[in-house]
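Chain residues, written in single-letter form:
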Amino acid sequence: MKRTILLGTMLAVAAAPSALAQAAAPPPAPPAGWTLGGSVDAAYVSATGNSEVTTVSIGDKLAASRGNWTLRQMFAYVYGKTDGTESANQLRAGLRAEYRITDRFSGFAAVNYERNPYAGFSRRVDELFGAQWRALATSGDSVMFDAGGVYTQQANTDGTSSASPSARAAMGYKHLFGGKSHFSQNVEYVPNLTESGEYRMNSESALVAPLSGRISLRLGYLVQYNSRPPTTFGTTDRIFTSGLQVAF
């Protein structure tokens, strides 16, 4: 009898910490509401004298998160005139939905739209899907990789059009210098799966330096390469922007 009581007491004492931990653990938190963040940037350049150059660029990047879901939106527009004649008119926009599977892996689907008659096409629509791996996430640095596929539909300024599947690989890097100062680098490689040797490569670099609580100076450099552009057009476009960014 004494042994039974002693054994029961020992089991109760051994189980007590686990029971207390379970009782003290907070209940699962209910799904949080949507959390919104992002930035808006704008730049304007005007030069007169021996030549007249006017360039305007505007853009935004927004993100809304709730639970495991994140919705992202981007918009960028560059317009320019040289000696009174239009010399740049590029529009890019995109929507992306991400679902977090684990802390490091997510699945995504997206659609991007682009118009750039000075690169030979009046419309390009990319439908994307794939997975993202967060390879590094520290207080100062983050590295992400995308892998997946793309279906592209393009209408060219010469009246021709095309539609083809492609693979897609992308990398994103961000470094925080301190406060809100940061540098980011994104690279994308899109090889056509039906035409050997045909691919696109995009690289976007950005440096952001705060001027006040929400306003920063932003320097951006975008390089777009197409191994087989429409006839008579070059393979590479480069866009440098310098302006103000408002974050929220």
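Residues numbered from 1 in each chain as written. Predicted model: local features only at pLDDT ≥ 70, side-chain atom pairs only at ≥ 80, totals over all residues. Heavy atoms only, no water.

## Remarks on the sheet that holds strand 11 (residues 215-226)
Reading around the circumference, 1-2-3-4-5-6-7-8-9-10-11-12 is the order of the twelve strands in this closed barrel, with antiparallel pairing throughout. Across the sheet, the axes of successive neighbouring strands diverge by a mean angle of 20 degrees, strand direction being ignored. (Pairing = 2+ DSSP bridges. Helix = DSSP H or I, 4+ residues; strand = E, 2+ residues; numbered from the N terminus. Axes fitted to C-alpha atoms, helices over the stretch in contact; angles between N-to-C directions.)

## Observations regarding the environment of Phe121
Inspection of the secondary structure assignment puts Phe121 in strand 6 (residues 121-137). In this structure Phe121 comes out as buried when scored by relative accessible area, which is 4%. Sequence-wise, Phe121 and Phe233 are 112 residues apart; in three dimensions their C-alpha atoms are separated by 9.9 Å. Setting aside residues up to four positions removed in sequence, Phe121 forms contacts with Glu114, Arg115, Asn116, Gln154, Ala155, Asn156 and Thr157. (Buried < 20%, exposed > 50% of the residue type's maximum accessible area, 1.4 Å probe, protein only. Contact = heavy atoms within 4.5 Å.)

## Quick look at the confidence of the model for the protein chain
Confidence along the protein chain averages 89 in pLDDT terms, with 87% of residues attaining 70 or more. Confidence drops under a pLDDT of 50 for residues 1-25, and excluding neighbours within four residues, the segment shows zero contacts in the predicted structure. (pLDDT = per-residue confidence, 0-100.)

## Looking at unusual backbone geometry
Although it is not a glycine, Asp83 sits at a positive phi angle of roughly 55 degrees. Position of Asp83 relative to the elements: it lies in the loop between strand 3 (69-82) and strand 4 (85-100). The residue Thr232 is not glycine, and still its phi comes out positive at about 80 degrees. On the secondary structure map, Thr232 appears in the loop between strand 11 and strand 12 (236-247).

## Observations concerning the pattern of salt bridges
This model, assessed by the stated rule, comprises eight salt bridges. One salt bridge in this structure joins Arg96 and Asp146, with 2.9 Å as the shortest N-O distance. Separated by 50 residues along the polypeptide, Arg96 in strand 4 and Asp146 in strand 7 (residues 141-156) bring together distant segments of the chain. With respect to burial, Arg96 and Asp146 carry one shared label: buried. Here Arg200 makes a salt bridge to Asp126, at a shortest N to O gap of 3.2 Å. You can see Arg200 sitting in strand 10 (residues 199-210) and its partner Asp126 sitting in strand 6, a full 74 residues away along the chain. Among the residues examined, Arg200 registers a relative accessible area of 12% and is labelled buried. Exposure remark for Asp126: the relative accessible area of 10% places this residue in the buried category. Bridged by salt links that share partners, the residues Arg72, Arg96, Glu98, Asp146, Arg168 and Glu188 form one connected network. (Salt bridge = Lys/Arg side-chain N within 4 Å of Asp/Glu carboxyl O.)

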